[in-house]
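# Examining the three-dimensional arrangement
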Amino acid sequence: MRRDVFQAIADPTRRAILTLIALQAMTPNALAEHFDTSRQAVSKHIKILAECQLVDQQQHGREIYYHFNPEKMKEVADWLAPFQKMWEERFDRLDNLLENLKAQQNVR
Amino acid sequence: MSGKNTTRITAEKGKQEFFIEREFEAPRELVFRTFNEPEFLLQWMGPSNMEMRIDKLDNRSGGSYRFVHSLCNGGGEFGFNGVIHEVSAPERLIRTFEFEGLPERGHVSLEFLTLTELPGNRTRVHIQSVFKSVEDRDGLLQSGMEGGLNEGYNKLDELLASSIINN
């Protein structure tokens, strides 16, 4: 069955897996340690990610490593946009905090 | 107050650093406090759908810190730590940063926070992060990891929702 990238990223666990392996290639065991679910459940998610080419497998000796395929992800969205958005939201909250602090100072 | 100030993120291809710049409508002393005092940090630093905890914040030159972000649904905890190289109120903060979720240690970056006074009681915040490798930098930028797993994915979620509607 051919799966698409949208389906792959619809699930929060799969997004978490992508986030982890985007930083560094990981073995199935290393990945599974980050999740409360069973190793089988994590494997199932990886299989879906691999089927839509977001994840590549490479054999190093006896270990399999999962790599993130950023080229495929770029088909979905500008990968920098989430980082930008995160900081914008952070700084919006900081704006509010600063407004409150300034108001408090003026009262004193 | 006028419209929102722009957040400018610069990450040149193939470089080991990125920059974040933003101006604030508040005096420098006050902005500096919001970057340093735990009660203030907790009010803005944590990603919106994660809970932030300050495990340790020894905020002086030679000190250290550890912050933890946890998914609200109990899905996991992600720690960050570093040592504080220099705290020079109200203009400069230099510290290291390491994400604890990686399978190996040593992927440390160096952060410089510089606050500049602007006319009219305004402040410019400039952050420079320097990484060990281009891969480390790209990993952090692309993953949205620093802010927690789900935070950065709103745009993807929107895209996903619209693709479902279109189908």
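Right above here is the structure, for reference.
These notes cover the structure that comes with them.

### Considerations on helix H2 (residues 12-23) of chain A
All names here are of chain A. An ideal rise of 1.5 Å per residue puts 16 Å on 12 residues; H2 measures up with 17 Å between its terminal C-alpha atoms. Most of H2 sits out of view: 10 of its 12 residues are buried. Three or more residues of H2 are buried, namely Arg-14, Arg-15, Ala-16, Ile-17, Leu-18, Thr-19, Leu-20, Ile-21, Ala-22 and Leu-23.

### Here's the deal with unusual backbone geometry
Backbone torsion omega between Ala-89 of chain B and Pro-90 of chain B reads -5°, so that peptide bond is classified as cis. Its place among the elements puts Pro-90 of chain B in the loop between strand E5 (77-88) and strand E6 (92-99).

### What about the packing of helix H6 (residues 81-107) of chain A against helix H1 (residues 28-36) of chain B?
Close contact between H6 of chain A and H1 of chain B brings their axes to 11 Å; oriented N to C, the two are set at 125°. What the angle tells us is that H6 of chain A and H1 of chain B run oblique. The element H6 of chain A and its partner H1 of chain B pack so that their crossing is right-handed. Contacts from Leu-94, Leu-97, Leu-98, Leu-101 and Lys-102 of chain A in H6 of chain A reach Leu-30, Val-31 and Thr-34 of chain B in H1 of chain B.

Rules of the game
- Residues numbered from 1 in each chain as written.
- Chains lettered and ligands numbered in written order.
- Predicted model: local features only at pLDDT ≥ 70, side-chain atom pairs only at ≥ 80, totals over all residues.
- Helix = DSSP H or I, 4+ residues; strand = E, 2+ residues; numbered from the N terminus.
- Expected span 1.5 Å × (residues − 1).
- Buried ≥ 20, exposed ≤ 12 C-beta atoms within 10 Å, placed from the backbone.
- Axes fitted to C-alpha atoms, helices over the stretch in contact; angles between N-to-C directions.
- Parallel < 35°, antiparallel > 145°, perpendicular 65-115°, else oblique.
- Left-handed = near helix turned anticlockwise from the far one by under 90°.
- Contact = placed C-beta atoms within 7 Å.

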